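Breakdown of the fold
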2 protein chains.
Amino acid sequence: MDTVIEALESAFRHFDTARTEPRKRDGFTLRNERTGVLEWMPVMQHGESVTIKVVSYNPTNPHRYGVPTIIATNSVYDCATGRLLELMDGVLPTALRTGAASAIASKYLADPDSRVVGMVGCGAQAVTQLHALSRLFRIERVLAYDVDLGVLRTYLRRVGFLGLDVRPASLEELEAESDIICTVTSVGVGEGPVVSDGRFKPSVHINAVGSDLPGKTELPLSLLERSLVCPDFLEQALVEGECQQLRPEQIGPGIIEVVQHPERYADWRKRSTVFDSTGFALEDQVVTRALTRRARELGLGTEVELESLAGDAMNPYDELLPTHGAQASLRTARLD
Amino acid sequence: MDTVIEALESAFRHFDTARTEPRKRDGFTLRNERTGVLEWMPVMQHGESVTIKVVSYNPTNPHRYGVPTIIATNSVYDCATGRLLELMDGVLPTALRTGAASAIASKYLADPDSRVVGMVGCGAQAVTQLHALSRLFRIERVLAYDVDLGVLRTYLRRVGFLGLDVRPASLEELEAESDIICTVTSVGVGEGPVVSDGRFKPSVHINAVGSDLPGKTELPLSLLERSLVCPDFLEQALVEGECQQLRPEQIGPGIIEVVQHPERYADWRKRSTVFDSTGFALEDQVVTRALTRRARELGLGTEVELESLAGDAMNPYDELLPTHGAQASLRTARLD
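Residues numbered from 1 in each chain as written. Chains lettered and ligands numbered in written order. Predicted model: local features only at pLDDT ≥ 70, side-chain atom pairs only at ≥ 80, totals over all residues. Heavy atoms only, no water.

With an unreviewed UniProt entry as reference, chain A is termed Ornithine cyclodeaminase family protein, source organism Pyxidicoccus parkwayensis.

In structure tokens, the structure reads:
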């Protein structure tokens, strides 16, 4: 996680649209039991590679199929030839980079002395949210809330490795006492918000992670309106983030701007701030690179020859057919 | 090839937008020695699967890297969970389905008695163009032309397995004598057309295969204007096919409409017709399915466990960390 946080913060700091071209995600709506999506998230590093994450969101996955709500596959293609260079499961990378993004946003926008974290929604992403925050903040207490008591119960076990004081809490308690809140829910389209706008701390920082579909939002408008709302990728947040609820003039700087110019936004660390985290392709590029490097160091992974490129580049059947020597000379003789 | 032709013709005949949702391709422009692209081509079969081809076009690939101009990777995802089901090299599938599409278009739009085929551009795609046509027409003569004499010479060898009378020809000869012409070139953006509008046969059918980039076209406008121009996928052909050159009212029916209602267009078999083949996602879905089925029958392919989904769906670290039994009971005790 430290590697991912460091790599992502560095990517934000050095981000330059002349070198890196992220696209907002696009995809299909899945007509499953609950609305799902299957989307592609491409980003190009000019002259180097294109990383594409294909990601699906199906909130019934854990209970129905025993697999994660968010399933993803990351692939990397060579810009020179177009060849597939790497293929990686995207489930863990997505969880890692989403956690890292919240930690970085919190570093620049939350009270540096934040001690109490509130977790609204305790599924898979809540594990890495807390892990990432724990690397940058001295967390004394974690207040956990989930509408599903079974999920809440297993959360305490799933984050046990962090050795933190994690306790179930009511939403009211969580909202009143948390310095940093993460909303990480599978709330249905049109069924938000997932928190009230009650007694938040004046300096509260909220990582709004769950909104990733048109119509799916987690925060009350009034809270957004009095906070500095920083999207990860504005173009995408306008379609599927908390920014859906706001007029352009109500939206703050992007997280990249904040990381590149922290002095401009330092005052906000004592005021209400929101990181509108929709999750974007740049983050996937960064985590894919970091994990590929680590995998190489550890000798993990498998080299696969997917293509048949050893033969004649102009003969699609090169590997399939025996060469027709005699016939070939017969025909080519006509050229002379 | 017979399997692919049959499967693709059936897919055209039974195509229904309520069940199948192809998207036009989108992608990045590659700033290589010559303009290239890297694009994604998604299609969803509702309730079943999503097929995505990631394809790149780099005309300098063969000479510079010894790999095909068109490199592709086809992947198939489960609509229910989002899991990657299949991954396949797309180089051969792309060549197969592009050839099959031209053969099907020729079956419905060319003179059924066509005997002479003209091939303008003799790279990799020209191999499968001729192979596919040879399955549906009694070809007596093939007139081949390429601006690169070396490519022309090896073409005679590469299509030797077909046992056809293939001979180099001048463009003038090719245009005057061919019943069916395929334009399959890597002509540069803005550098077309690749044929003149001279003495074509009145019933000529042209499969315009090469245009697949904004600004890249192969046919003269005058020829398009007096022909029935049938795009494979209108939405896409308007952006990067020969249809770029035409006003909406100058564009004929899509190939799916022609296959579904052949009687409406039968008269055109004796007149000038053009298949504007940009290559679209439906074709990739069809060929991926056909080849997957064949691979299963032949016991080819490898089962790979890319994801770590065996454990707790809500714990991204399930496979990485030892379980914390003691800690877990300590924490969960607080819930009771």
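1. Quick word on the layout of surface pockets
All names here are of chain A. The following threshold applies: Cavities and pockets were defined on a 1 Å grid built over protein atoms only: a cavity is a set of grid points that admits a 1.4 Å probe from which the probe cannot escape, a pocket is an open set flanked by protein on both sides within 12 Å along at least five of seven lines, and lining residues are those with an atom within 4 Å of any such point. Grid points are joined across faces, edges and corners, and a volume is the space filled by probe spheres set on the points. Side-chain classes follow a simple rule in which Ala, Val, Leu, Ile, Met, Phe, Trp, Tyr, Cys and Pro form the nonpolar group, Asp, Glu, Lys and Arg form the charged group, and the remainder, Gly included, forms the polar group. Domain delimitation in this document rests on an assignment produced automatically or drawn from a domain database.
Approximately 860 Å³ is the volume attributed to the second largest pocket. In terms of lining residues, the second largest pocket is bounded by 47 residues, among which Tyr57, Thr69, Val184, Thr185 and Ser186 are the most central. Of the residues that constitute the lining of the second largest pocket, the class distribution is 22 nonpolar, 15 polar and ten charged. Counting contributing residues per domain, the lining of the second largest pocket is built from domain 1 (2–92 + 284–298) and domain 2 (111–279), each supplying no fewer than three.

2. Points about the environment of Gly252 of chain B
All names here are of chain B. For clarity, the threshold we go by: What counts as a helix is a DSSP run of H or I of at least four residues, what counts as a strand is a run of E of at least two, and both are numbered from the N terminus. Working rule for contacts: check all heavy atoms of both residues, and any pair within 4.5 Å makes them a contact.
Positionally, Gly252 belongs in the loop between α8 (234–240) and α9 (255–260). Separated by 25 residues in the primary sequence, Gly252 and Ser227 place their C-alpha atoms 8.8 Å from one another. Residues in contact with Gly252, not counting those within four places in the same chain, are Leu228, Val229 and Pro231.

3. Examining the domain arrangement of chain A
All names here are of chain A. Applied cut-off: Buried area adds together the accessible area that both of two parts lose upon being put together, with accessible area traced by a 1.4 Å probe. Here a salt bridge means any side-chain nitrogen of Lys or Arg lying within 4 Å of a carboxyl oxygen belonging to Asp or Glu.
Domain annotation for chain A reports domain 1 (2–92 + 284–298) and domain 2 (111–279). In this assembly, 20 residues from domain 1 lie in contact with 22 residues from domain 2. Carbon and sulfur atoms make up 59% of the surface buried where domain 1 meets domain 2, a total of about 1,700 Å² over both sides. The largest share of the area that domain 1 buries against domain 2 comes from Phe12, Lys24 and Arg25, three residues that together contribute 34% of it. Taken together, the connections running from domain 1 to domain 2 amount to three salt bridges. We note a salt bridge from Asp2 to Arg135, for which the minimum N-O separation is 2.8 Å. For the side of domain 1 that touches domain 2, the secondary structure elements donating two or more residues are α1 (2–14) and β3 (36–45). Classifying every residue of the side of domain 1 that touches domain 2 by side-chain character gives nine nonpolar, three polar and eight charged.

4. Re the state of the cysteines
Selection rule: Note on terminology: pairs of cysteine sulfur atoms within 2.5 Å are recorded as disulfides.
Enumeration over the complete set of coordinates arrives at zero disulfides over all chains. In this structure Cys243 of chain A is a free cysteine whose sulfur lies 9.0 Å from that of Cys230 of chain A, the closest cysteine sulfur available.

5. Thoughts on the environment of Leu238 of chain B
Residue and element names in this part refer to chain B. Spelled out, the test is: Residue exposure (1.4 Å probe, protein chains only): buried if accessible area is under 20% of the type maximum, exposed if over 50%, otherwise partly exposed.
Relative to the helices and strands, Leu238 resides in helix α8. Here Leu238 falls in the partly exposed class, since its relative accessible area comes to 41%. With 13 residues separating them along the chain, Leu238 and Ile251 place their C-alpha atoms 9.6 Å apart. If we skip the residues at most four places from it in the chain, Leu238 touches Cys243, Gln244 and Ile251.

6. As for the sheet that holds strand β10 (residues 180–183) of chain B
All names here are of chain B. As a reminder of what qualifies: Strands were regarded as paired on the criterion that DSSP finds at least two bridges between them. A fitted line through C-alpha atoms represents every axis, and for helices the fit uses only the stretch in contact; the resulting angles, taken between N-to-C directions, go from 0 to 180 degrees.
With parallel pairing, seven strands are arranged side by side in an open sheet as β9-β8-β7-β10-β11-β13-β12. Strands with a single pairing partner mark the edges of an open sheet, and in this sheet they are β9 (166–168) and β12 (228–231). Sheet twist, expressed as the mean angle between neighbouring strand axes with direction ignored, is 20°. Relative to strand β13 (residues 273–276), strand β11 (residues 205–208) is paired through four bridges, and the arrangement is parallel. Residue pairing in the sheet places Ile206 in a bridge with Val274 of β13. Running over the sheet, helix α3 (residues 91–109) touches β10, β11, β12 and β13 and is turned about 155° from β11.

7. Here's the deal with unusual backbone geometry
In the segment running from Gly192 of chain A into Pro193 of chain A, the intervening peptide bond is cis, with an omega of 0°. Along the chain, Pro193 of chain A turns up in the loop between β10 (180–183) and β11 (205–208).

8. With respect to the pairing of strand β4 (residues 49–57) of chain B
Residue and element names in this part refer to chain B. Burial analysis of β4 places nine of its nine residues in the buried class, the great majority of the element. Residue alternation in β4 divides its side chains into two sets, Ser49, Thr51, Lys53, Val55 and Tyr57 and Val50, Ile52, Val54 and Ser56, and both sets are buried. Relative to β4, strand β3 (residues 36–45) is paired through nine bridges, and the arrangement is antiparallel. Opposite Gln45, over in β4, you have Ser49 as the bridge partner. Two successive antiparallel strands, β3 and β4, enclose a turn made up of three residues, where Gly47 displays a positive phi of approximately 75°. Alignment of β4 against strand β5 (residues 70–78), held across nine bridges, turns out to be antiparallel. For Val54, the partnering residue across the bridge sits in β5 and is Thr73.

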